[in-house]
Amino acid sequence: MRKESKTIVITGGAGFIGSHVVRRMVTRYPQYTIINLDALTYAGNLENLKDIEKSPNYIFEKGDITDEAAMKALFEKYAVDAVIHLAAESHVDRSIADPLQFVKTNVLGTANLLNVARLAWQGQFEGKLFYHVSTDEVYGSLGETGFFTEETAYDPRSPYSASKASSDHFVMAYYHTYHFPVIMSNCSNNYGSYHFPEKLIPLMINNIINRKPLPVYGKGENVRDWLFVEDHASAIDTIFHHGKQGEKYNVGGFNEWTNIDLVHLLCKIMDEKLDRQPGESASLITYVTDRPGHDLRYAIDASKLNKELGWKPSLQFEEGLAKTVDWYLANTEWIKHVTSGDYKKYYENQYDHR
Ligand code: NAD
Ligand code: DAU
């Protein structure tokens, strides 16, 4: 998409990655009107965008992507040129506890949004774009070697990844059937500021601060490929502006860590920052019952994005992790707000019986 004035709906903009994408687009492209469409579920928090909420090119609209009438009304209210679709249920453990919520939001919500956009843009697809943000989990689980490429066959194994895979298929089906203008990316694990503390890194940071047990699933040997969230936002920006319609791009950090090595690194960084004895935080590590169907290893080959569009990650992991820890230590109020109420109940159900 070229960079003239545009009206862009970003769904899920009050969540972790969405808030970084909204911030980047609002501040870098004052000629764009950015509409943040979010239902404000437990994972959505407008505090994540306090610094840019008064920007003249930013609008918040509360709405649910599964609500057909609400999405139609949104497209009637604004002359939408593009959608960057991030709204989703995103936590694997929650998908194991409540799979149908993931079908509703991720499958039905995406299909609904695609259909409303298709009807609103009918006969005028030129200059329009529907960008679907997806995950590497759709490819399944790797053994000890190899990488996921854009050609890797889908093999989702959790209700979360099955729901994301299904939404990806709807996006490509719209491209092939209606020539609907789509683009898609599949990214590895993100980390950084505003990450909800139900996910590994912020949960461990929060527990280290509070000297609570650090629950490592199984033997901690599972491998994830970590990318700084602002680098994911820069990849989305690059793909949105320069990617080819009908294509998908893998996004990743070429940065694989076993969970247990990662938790040890985090403990070391935090012992130093909190002026604790070396090994003090690591003594909190507790091995707990494994996640059912726990994927062993994810690793993304992001060379297509690098070769074709010139994108690469900007930060080394140790630097990104230290920056992330600093942010959490400086934002304990934010942690308090998002971990009160519903989160407390979720935490008890999830961990007290493991
Ligand atoms: P998140 O859970 O932090 O945020 C999701 C946002 O979507 C929240 O603001 C929530 O309120 C909103 N939302 C949920 N249901 C909605 C609905 N029905 N209507 C409107 N809004 C709704 O998620 P995240 O980690 O920021 O992930 C964003 C996207 O990126 C997701 O599509 C996810 O699958 C994908 N992704 C995430 C990662 C990761 O590491 N977190 C990696 C790759 C891809
Ligand atoms: O790969 C991209 C995906 O990364 C995204 O699509 C998902 O939205 C995102 O949540 C993330 O999924 P994971 O399941 O990999 O992330 P999570 O932070 O839940 O777990 C990371 C690893 O840490 C995983 O192997 C499970 C393990 N884990 C997690 C938690 C919450 C633990 O050992 N203990 C924990 O308490």
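Residues numbered from 1 in each chain as written. Chains lettered and ligands numbered in written order. Predicted model: local features only at pLDDT ≥ 70, side-chain atom pairs only at ≥ 80, totals over all residues. Heavy atoms only, no water.

(A) Examining the sheet that holds strand S11 (residues 256–258) more closely. A sheet is described by the order of its strands in space; here three strands give the open sequence S7-S9-S11, paired in mixed fashion. Edge positions in the sheet fall to strand S7 (189–191) and S11, since each has one partner strand and no second. On average, adjacent strands in this sheet sit at an angle of 50° to one another, irrespective of strand direction. Taken together, the three bridges between S7 and strand S9 (residues 223–228) define a ladder with parallel strand orientation. Residue pairing across strands places Asn190 opposite Leu227, the latter belonging to S9. (Pairing = 2+ DSSP bridges. Helix = DSSP H or I, 4+ residues; strand = E, 2+ residues; numbered from the N terminus. Axes fitted to C-alpha atoms, helices over the stretch in contact; angles between N-to-C directions.)

(B) Spotlight on the site of ligand 1. Near ligand 1 lie 29 residues; those nearest to it are Ile17, Asp38, Ser90, Tyr160 and Lys164. Contact distances for ligand 1 include 2.5 Å between an oxygen atom and a side-chain N or O atom of Asp38. In isolation ligand 1 exposes 830 Å². Once the protein is present, 96% of that is buried. Of all the elements in the fold, those that place two or more residues in the shell around ligand 1 are helix H1 (16–28), strand S5 (129–135), helix H5 (159–178) and S7. In terms of residue count, the dominant contributor to the shell around ligand 1 is S5 (three residues). (Near = heavy atom within 4 Å. Polar contact = N/O pair within 3.5 Å; in protein donor to acceptor, adjacent residues only side chain to side chain. Areas by Shrake-Rupley, 256 points an atom, 1.4 Å probe, with all protein chains shown as cover.)

(C) Spatial organisation of the pairing of strand S10 (residues 248–251). The two faces of S10 match: Lys248 and Asn250 on one face and Tyr249 and Val251 on the other face are all buried. Judged from the four bridges that link them, strand S6 (residues 182–187) and S10 form a sheet pairing that is parallel. Counted as the bridge partner of Asn186 is Asn250 from S10. (Buried < 20%, exposed > 50% of the residue type's maximum accessible area, 1.4 Å probe, protein only.)

(D) A look at the site of ligand 2. Lining the immediate environment of ligand 2, one finds 24 residues, of which Asp136, Tyr160, Arg291, His294 and Tyr351 sit closest. Breaking the shell around ligand 2 down by element, the ones donating at least two residues are helix H6 (200–209) and strand S8 (214–217). Residue contributions to the shell around ligand 2 peak at three residues, all from S8.

(E) Spotlight on the nonpolar core. In this structure, Ile8, Ile10, Met25 and Ile84 are the most contacted members of the largest nonpolar core, which totals 40 residues. In terms of residue count, the dominant contributor to this core is helix H7 (residues 229–242) (five residues). Within the second largest apolar cluster, 38 residues are counted, among which are Ile208, Ile269, Leu321 and Trp334. (Core = buried A, V, L, I, M, F, W, Y, C linked by side-chain atoms within 4.5 Å.)

(F) Spatial organisation of unusual backbone geometry. The backbone of Leu40 shows a phi angle near 55°, a positive value even though the residue is not glycine. In this structure, Leu40 sits in the loop between strand S2 (32–38) and strand S3 (58–62). Judged by relative accessible area, Leu40 falls into the partly exposed class, the value being 27%. We note that His179 has phi near 55°; this positive angle belongs to a residue other than glycine.

(G) Layout of the packing of aromatic side chains. Taken as a whole, this structure holds 23 aromatic pairs when the rule is applied. Here the aromatic rings of Trp257 and Phe317 are separated by 5.2 Å at their centres, their planes lie at 45°, and the arrangement is tilted. Within this pair, whereas Trp257 is found in strand S11, its partner Phe317 is found in helix H10 (residues 317–330), the two being separated by 60 residues in sequence. Residue Trp257 shares its accessibility class with Phe317, and that shared class is buried. Directly above the aromatic system of Tyr178 lies the positively charged group of Arg118, at a separation of 4.1 Å from the ring centroid. Lying over the aromatic face of Tyr249, Lys304 brings its terminal NZ or CZ to 4.6 Å of the ring centre. (Phe/Tyr/Trp six-rings, centres within 6.5 Å; stacked < 30°, edge-to-face > 60°. Lys NZ or Arg CZ within 6 Å of the ring centre and 35° of its normal.)

(H) Layout of the pattern of salt bridges. The tally for this structure, following the rule as stated, stands at 16 salt bridges. Here Asp51 and Arg23 are joined by a salt bridge, their closest N and O atoms 2.8 Å apart. Of this pair, Asp51 sits in the loop between S2 and S3 while Arg23 sits in helix H1; the two residues are 28 residues apart in sequence, bridging distant segments of the chain. Exposure remark for Asp51: the relative accessible area of 53% places this residue in the exposed category. Here Arg23 falls in the buried class, since its relative accessible area comes to 15%. The partner of Glu256 in a salt bridge is Arg297, with the nearest N and O atoms 2.7 Å apart. Of this pair, Glu256 sits in strand S11 while Arg297 sits in the loop between strand S12 (285–288) and helix H9 (303–309), and the two are 41 residues apart along the sequence. With relative accessibility at 6%, the residue Arg297 sits in the buried group. A single network of salt bridges, built from pairs that share partners, joins Arg24, Arg28 and Asp237. (Salt bridge = Lys/Arg side-chain N within 4 Å of Asp/Glu carboxyl O.)

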